[in-house]
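Letter by letter, the chains look like this.
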Amino acid sequence: MKFLDYAPAPESQALLNLKSDYGLFINGDFTAGRGTPFQTINPATEQQIAMIATANEADVDAAVAAARHAYDGVWSRLSGSDRGKYLFRIARLVQERARELAVAETLDNGKPIKETRDVDIPLVAAWFFYYAGWADKLDHAGVGPNPASLGVAAQVIPWNFPLMMLAWKIAPALAAGNTVVLKPAETTSLTALLFAEILQQADLPAGVVNIITGDGSTGQTLVNHPGVNKVAFTGSTSVGRAIARSVAGTDKKLSLELGGKGANIVFDDAPIDQAVEGIVRGIFFNQGHVCCAGSRLLVQESIHDDVIERLKRRMQTLRLGDPLDKNTDIGAINSAEQLARIRELSDLGQQEGAERWSTDCVIPENGFWFAPTIFTNVSTSHRIARDEIFGPVLSVLTFRTPAEAIAKANNTPYGLSAGIWSDKGSRILAVADKLRAGVIWANTFNQFDPSSPFGGYKESGYGREGGRHGLAAYLKPAVRTGSRSIPAAEHAPVSKKSASASKKSASASKKSASAEKATK
Amino acid sequence: MNRLAIPKTYKLYIGGKFPRSESGRVYEVLSHKGDFLANAAKGSRKDARDAVVAARSALGGWAGATAYNRGQVLYRIAELLEGRRAQFIDEIESCEGVNAAAASAQIDEAIDRWVWYAGWADKYVQVAGNANPVSGPFFNLSVPEPTGVVAIIAPQGGESLLGLVSAIAPALVAGNTVVVVANELAPLSGISLGEVLATSDVPGGVVNIVTGSPAEIAPWLASHADVNALDLVGAGDLDWVELQISAADTLKRVLPPESGADAAAPALSRILAFTEVKTVWHTKAIL
């Protein structure tokens, strides 16, 4: 064996006890979906893992009704401390079954086991543990004394961090006193259904969390359902726009966590080797399937050649292959569809004149794979500098002055994340002030923590997940007592139903808020 | 013999200047009795777009000013409004048909709101920000920042000056810049507020006031890609659902219409509605 050659060290699948078919989790039980079931595959082998049910409109109705019933009958009447106890139980159960969840996630998603084992699943447990403690402290959430929950939350999550996104959504919603209908992404439903088994073990009251599976149309039916009071979506900006349109004129509270084109800025005084590690972590973590990925590298011109040389050398050590292997750095691309998009945009990058370089790793025969790739000589107008690729593809641009770095970093409709690499604290603080992005990492990248708010500026969406702000996204102020004098309580929006229904019957029928929305 | 009075020409307030509408259009402002009061500029799409350009240009300076400075500038508006109270009483009495006492009470309330919001400028970050105890060697801080350019449809009924002030003041606190469509039927106090702003250290372009038809102007602001947020507080009589749908194209932050005497009542949440929370992770050395 040569240097950096390792014997295979695959994680065992023996601790998995998967079923061949998974139904919908509605009102505390698994039920068959009424839509056409679909198969979920391992993207590293293209082998089927299980069949997953599709929720049709009637199933969505049933799930929302179950959530409403649980909200009215149980969850909204439970004390905060009891809600918290259920969340603590869930956190502990996730920890107990962490290895099983990590293996299942890697199998279904294609991401390396070292990431699911060391990042995804520990954060899932941490998220529930963090928000568990909030459940009986809502007065301090920042929306005034005695805040109220919203009701039924419709949550639609992406495939890049399946169980982690589930935790980001469900934990604050339940802590705040809402009930949930969650739809995982079509290609990564498996761990959400294992999570449903955990909810059964935790003895969570039936209907408090419902998990329905299916494709985008199931998600669309869910967010448009008149019985939901809150919509939380993580995914593409184009779908986010469509959701923002469809909830317009309703009382549904909306959180959107959408796309990004994060700038990772490396100044000439940065510790280069650390910066190279950060660049790799920024774009090759999770095969670049990260909305906050550092997909645009902005390097100060004077150190460009040095950084690129060291980056290429580092990239050659990245091991691509079996996601279940503990030594794997780069796993499989999640789907054939996503692989096609990465290829298309990368080819465009070449056509537009950027210089393409990929590591010379061996690509496995089956499954979906894309070698870590960087483009140099990229200019700000190139598609690969503007569009979210959502894959292991880095676009490298240069700058001379801090002002130019800031201008280029902000030159995007997105505003989710950015990185700054410099040894000079005062420069980091000044640049961080000027970047229009919701999360900024200074001399690090892609760090997440349940206590730390995460979310975008501009077209990367609105609302925050994590921290006190993430809790407030699932609360509303106590009903005010109507004083206009200073200092006053919160403002109360006019009833949109009456305003929109009279004027705009066509859209009102589609968009009118639920009849149930006033039941709280 | 009575001295012949000199009536004022009421114009738009854009970029710190008082232009007429580029369209050349005016509309008659009538008293509550139906008497002619003035010709107000009937703002056009171009005027609205000019106002957005002015607001965008002013954003860096206003958002970049120190919180203490912004607080003082907002407080100074209250000072100057106090000094011009007679003029506002006149305009409110004639436009709204209320007596001098009611007009005076409205001005009191408007002044007090400027003072209340001025005081928030250097405090809202402390109340809405957080130091986050993350599990790792990081100094992790979340702070609210201004969203950017905020387009506002001012309350259309009721108290014209108070409605306008209640809508624009909270957006200004954090450092946003504003394009506001004034009360269509009672625009005079709004235009005069522009004169107060122009003389009270508010940099040109920070507040831009367009008079005219909200129904005509609002769609251009709702769809404008350089507007970051839309406050529909006074849009209850417009097709505001359509405005909100249009705002979704660039994922603008949107506040819904409000009605009644306490529309846009003073609240911290109105300040925070036009802020973005930024979280910064600073690496700590491991000693």
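Note on numbering: residues in each chain are counted from 1, in written sequence order. Lettering for chains starts from A, numbering for ligands starts from 1, and both go in the order in which the items are written. The model is predicted, so local features are restricted to residues of pLDDT at least 70 and side-chain atom pairs to those at 80 or more, both for listing and for counting; the totals for chains, interfaces and linings are taken over all residues. Neither water nor hydrogens contribute to the side-chain values; these are computed over all heavy atoms in the structure.

Under an unreviewed UniProt entry, the name given to chain B is Aldehyde dehydrogenase family protein, and the organism recorded is Cryobacterium flavum.

In the annotation of an unreviewed UniProt entry, chain A is listed under the name Acyl-CoA reductase and assigned to Cryobacterium flavum. UniProt positions are given in the numbering used here, feature names are shortened, and annotations may be inferred rather than shown by experiment. Entered under Sequence similarities (unreviewed entry) in the UniProt record, the comment concerning chain A runs "Belongs to the aldehyde dehydrogenase family."

S.K.: Just checking my understanding: could you explain the domain arrangement of chain A for this structure?
M.R.: When the parts of a complex come together, some accessible area is lost, and that lost area is often taken as the interface size. Residues and elements named next belong to chain A. An automatic or database domain assignment provides the domain bounds reported here. Examined at the domain level, chain A breaks down into domain 1 (22–258 + 464–472) and domain 2 (263–455). Taking the mean C-alpha position of each, domain 1 and domain 2 sit 29 Å from one another. Each partner contributes residues to the interface: domain 1 has 38 residues there, and domain 2 has 35 residues. The junction of domain 1 with domain 2 conceals about 3000 Å² of combined surface from both sides, 63% of it contributed by carbon and sulfur atoms. Take a side-chain nitrogen of Lys or Arg and a carboxyl oxygen of Asp or Glu: if they are within 4 Å of each other, that pair is a salt bridge. Seen at the junction of domain 1 and domain 2, the total is one salt bridge. Put simply, Lys-114 and Asp-329 hold a salt bridge, and the shortest N to O gap is 2.4 Å. Residues adjacent in sequence count toward polar contacts only when both atoms are side-chain atoms; beyond that, a polar contact is any pair of N or O atoms within 3.5 Å, and within protein one must be able to donate a hydrogen and the other to accept it. At the boundary of domain 1 and domain 2, one finds 13 residue pairs in polar contact (both at pLDDT 80 or more). Helix and strand labels come from DSSP, where a helix needs a run of H or I of at least four residues and a strand needs a run of E of at least two; each type is numbered from the N terminus. Elements represented by at least two residues in the side of domain 1 that touches domain 2 include exactly helix H3 (98–109), helix H4 (113–134), helix H5 (162–175) and helix H15 (467–472). With ten residues, H4 is the largest single contributor of residues to the side of domain 1 that touches domain 2. Note that Gly is not counted as nonpolar here; it falls among the polar residues with everything else outside the nonpolar set of Ala, Val, Leu, Ile, Met, Phe, Trp, Tyr, Cys and Pro and the charged set of Asp, Glu, Lys and Arg. Partitioning the side of domain 1 that touches domain 2 into residue classes produces 18 nonpolar, eleven polar and nine charged. Whether two residues are in contact is decided by their heavy atoms: any pair within 4.5 Å suffices. A 1.4 Å probe defines the accessible area here, and the buried area is the portion of it lost by two parts on being joined, summed over both.

S.K.: Would you mind showing me how to read the side chain of A:Glu105 here?
M.R.: One can find A:Glu105 in helix H3. Residue burial is assigned from relative accessible area. The probe radius is 1.4 Å, only protein chains are included, and a residue is buried under 20% of its type maximum, exposed over 50%, and partly exposed in between. His is not counted, nor are the chain ends, whereas Lys and Arg count as positive and Asp and Glu as negative. An unpaired buried charge is present at A:Glu105: no salt bridge exists, and A:Lys111, the closest side chain of opposite charge, is 5.8 Å distant.

S.K.: Please explain the sheet that holds strand S5 (residues 47–52) of chain A as it appears in this structure.
M.R.: One key point about sheets: their strands pair by backbone hydrogen bonds, in either a parallel or an antiparallel sense. Residues and elements named next belong to chain A. The pairing criterion for strands is at least two bridges between them, as found by DSSP. A sheet is described by the order of its strands in space; here three strands give the open sequence S1-S5-S4, paired in mixed fashion. The strands lining the two open edges of the sheet, one partner per strand, are strand S1 (21–22) and strand S4 (38–42). Here an axis means a line fitted to C-alpha atoms, over the contact stretch when the element is a helix, while the angle between two N-to-C directions is reported on a 0 to 180 degree scale. Seen against the sheet, H3 touches S4 and S5 and runs at an angle of roughly 105 degrees to S4.

S.K.: Just to check I follow, could you spell out the packing of aromatic side chains for this structure?
M.R.: Two descriptors summarise a pair of aromatic rings, namely the distance from one centre to the other and the angle between the planes of the rings. Residue and element names in this part refer to chain A. Stacked, tilted and edge-to-face are the three classes assigned to paired rings of Phe, Tyr and Trp, where Trp is represented by its six-membered ring and a pair needs centres within 6.5 Å; plane angles under 30 degrees give stacked, over 60 edge-to-face, the rest tilted. If you walk through the whole model with that rule in mind, you get 18 aromatic pairs over all chains. Note on Tyr-130 and Tyr-131: the rings are 4.9 Å apart at their centroids and 90 degrees apart in plane angle, and the pair reads as edge-to-face. With relative accessibility at 0%, the residue Tyr-131 sits in the buried group. Among the aromatic residues, those joined into a ring-pair cluster are Trp-127, Trp-168, Trp-441, Phe-445, Phe-448 and Phe-454. In our convention, an over-ring charge means Lys NZ or Arg CZ found within 6 Å of a ring centre and within 35 degrees of that ring's normal. Across the ring face of Phe-285, the terminal group of Arg-281 is positioned such that the distance to the ring centre comes to 5.8 Å.

S.K.: What's the story with the interface of chain A and chain B in this structure? I'm lost.
M.R.: Facing 59 residues of chain A, the contacting portion of chain B comprises 56 residues. For the chain A and chain B pair, buried surface summed over both sides reaches about 4500 Å², with 55% attributable to carbon and sulfur atoms. Here chain A and chain B share three salt bridges between them. A:Arg436 serves as the salt-bridge partner of B:Glu145, at 3.9 Å between the closest nitrogen and oxygen.

S.K.: Would you mind going over helix H1 (residues 57–73) of chain A with me for this structure?
M.R.: One full turn of an α-helix is made of 3.6 residues, so residues set three or four places apart face in the same direction. Residue and element names in this part refer to chain A. By this rule, a helix spans an expected 1.5 Å times one less than how many residues it contains. Here H1 spans 24 Å end to end across 17 residues, near enough to the 24 Å set by a 1.5 Å rise per residue. Taken together, the buried positions of H1 are Asp-59, Val-60, Ala-63, Val-64, Ala-66, Ala-67, Arg-68, Ala-70 and Tyr-71. Summarising the contacts, the buried residues of H1 are in contact with strand S2 (24–26), strand S6 (148–149), strand S7 (152–156), strand S8 (179–183), strand S9 (209–211) and helix H7 (216–223). Capping the start of H1, Asn-56 holds a side-chain oxygen 3.0 Å from the backbone nitrogen of Ala-58, two or three residues further along.

S.K.: What exactly am I supposed to notice about the nonpolar core here?
M.R.: Within soluble globular proteins, side chains that are nonpolar generally end up buried alongside one another. Within the largest apolar cluster, 115 residues are counted, with the highest numbers of intra-cluster contacts made by A:Phe128, A:Leu166, A:Phe195 and A:Ile211. Shared between two domains, this core holds at least three residues of each, these being domain 1 (22–258 + 464–472) and domain 2 (263–455) of chain A. Setting aside anything within four residues of it in sequence, one finds A:Phe195 in contact with A:Ile90, A:Val94, A:Phe128, A:Leu163, A:Leu166, A:Ile170 and A:Ile211. As used here, the term nonpolar core means buried Ala, Val, Leu, Ile, Met, Phe, Trp, Tyr and Cys residues forming a set that is joined through side-chain atoms within 4.5 Å. Within the second largest apolar cluster, 54 residues are counted, among which are B:Phe88, B:Trp116, B:Ala174 and B:Leu193.

S.K.: Explain the UniProt feature "domain: Aldehyde dehydrogenase" (unreviewed entry) in chain A here, please?
M.R.: Residues given the UniProt feature "domain: Aldehyde dehydrogenase" (unreviewed entry) here are residues 33–476 of chain A. As annotated, residues 33–476 of chain A has a helix share of 41% and a strand share of 16%, and its two end C-alpha atoms lie 34 Å apart.

S.K.: How should I be thinking about the UniProt feature "domain: Aldehyde dehydrogenase" (unreviewed entry) in chain B in this particular structure?
M.R.: Sites flagged by UniProt as "domain: Aldehyde dehydrogenase" (unreviewed entry) map to residues 27–238 of chain B. Spanning residues 27–238 of chain B, this segment combines 52% helix with 18% strand, and its end C-alpha atoms are found 19 Å apart.

S.K.: Mind showing me how you'd approach the sheet that holds strand S10 (residues 275–283) of chain B here?
M.R.: Strand order in the open sheet formed by ten strands is S14(A)-S15(A)-S16(A)-S13(A)-S12(A)-S17(A)-S18(A)-S10(B)-S4(B)-S3(B), with mixed pairing between adjacent strands. One side of each edge strand has no neighbouring strand; the edge strands of this open sheet are strand S14 (355–358) of chain A together with strand S3 (130–131) of chain B. Contacting strand S13 (296–300), S14, strand S15 (373–376) and strand S16 (393–399) of chain A, helix H10 (residues 304–315) of chain A runs over the sheet at an angle of about 165 degrees to S15(A).

S.K.: Help me understand the pattern of salt bridges, please; the structure alone is not making it clear to me.
M.R.: Proximity of charged atoms lets side chains of opposite charge pair with each other. With the rule as written, the count across this model stands at 41 salt bridges over all chains. Between A:Arg34 and A:Asp59 there is a salt bridge whose closest N-O contact spans 2.7 Å. Taken together, the residues span a long stretch of sequence, with A:Arg34 in the loop between strand S3 (29–31) and S4 and A:Asp59 in helix H1 at a distance of 25 residues. Among the ionic contacts, a cluster of salt bridges with common partners joins B:Lys8, B:Arg84, B:Glu91 and B:Glu195.

S.K.: It is not clear to me how unusual backbone geometry should be interpreted in this structure. Could you clarify?
M.R.: The phi angle of most residues is negative, glycine excepted, and most peptide bonds adopt the trans form. Its identity as a non-glycine residue notwithstanding, A:Asn27 has a phi of 55 degrees, on the positive side. When you line up the elements, A:Asn27 lands in the loop between S2 and S3.

S.K.: Could you clarify how one ought to interpret the pairing of strand S11 (residues 253–257) of chain A in this entry?
M.R.: Residue and element names in this part refer to chain A. In terms of burial, S11 is a largely internal element, four of the five residues being buried. Direction of pairing for strand S10 (residues 230–234) relative to S11: parallel, over a ladder of five bridges. Across the sheet, Ala-232 pairs through a bridge with Ser-255, a residue of S11. When the strands point away from the viewer and the path from the first strand over the helix to the second turns clockwise, the crossover is right-handed. After leaving S10, the chain enters helix H8 (residues 237–247) and then returns to the sheet as S11, a path that is right-handed. Relative to strand S19 (residues 461–462), S11 is paired through two bridges, and the arrangement is antiparallel. By the bridge assignment for S19, Glu-257 is matched with Gly-461.

S.K.: Is there a simple way to explain the packing of helix H6 (residues 160–173) of chain B against helix H7 (residues 188–198) of chain B in this structure?
M.R.: The axes of two packed helices give the description: the angle between them and the distance between them. All names here are of chain B. The N-to-C vectors of H6 and H7 enclose an angle of 50 degrees; their axes lie 8 Å apart at closest approach. Between H6 and H7, the angle falls in the class oblique. You can see that H6 and H7 cross each other, and the crossing is right-handed. Each of Ser-160, Leu-161, Leu-164, Val-165 and Ile-168 in H6 lies in contact with H7, whose residues at this interface are Ser-189, Gly-190 and Leu-193. Grouping the amino acids of the contact of H6 with H7 by side-chain chemistry returns five nonpolar, three polar and no charged. Our angle categories are set so that under 35 degrees counts as roughly parallel, over 145 as roughly antiparallel, 65 to 115 as roughly perpendicular, and the remainder as oblique. Throughout, a crossing is termed right-handed when the near helix is turned clockwise from the far one, and left-handed when it is turned anticlockwise from it by less than a right angle.

S.K.: Looking at this structure, how should I read empty space enclosed by the protein?
M.R.: With a probe scaled to a water molecule rolled over the atoms, the places where space remains empty come into view. Residues and elements named next belong to chain A. Using only the protein atoms, space was sampled on a 1 Å grid; points where a 1.4 Å probe fits but cannot get out form cavities, open sets with protein on both sides within 12 Å along at least five of seven lines form pockets, and lining residues are those with an atom within 4 Å of a point. Grid points are joined across faces, edges and corners, and a volume is the space filled by probe spheres set on the points. Inspection of the entire model under this criterion finds nine cavities of 30 Å³ or more. Lining the largest cavity we find 16 residues, and of these Ala-409, Gly-415, Ser-417, Arg-436 and Ala-437 sit closest to its centre. Among the residues forming the lining of the largest cavity, the class breakdown is seven nonpolar, six polar and three charged.

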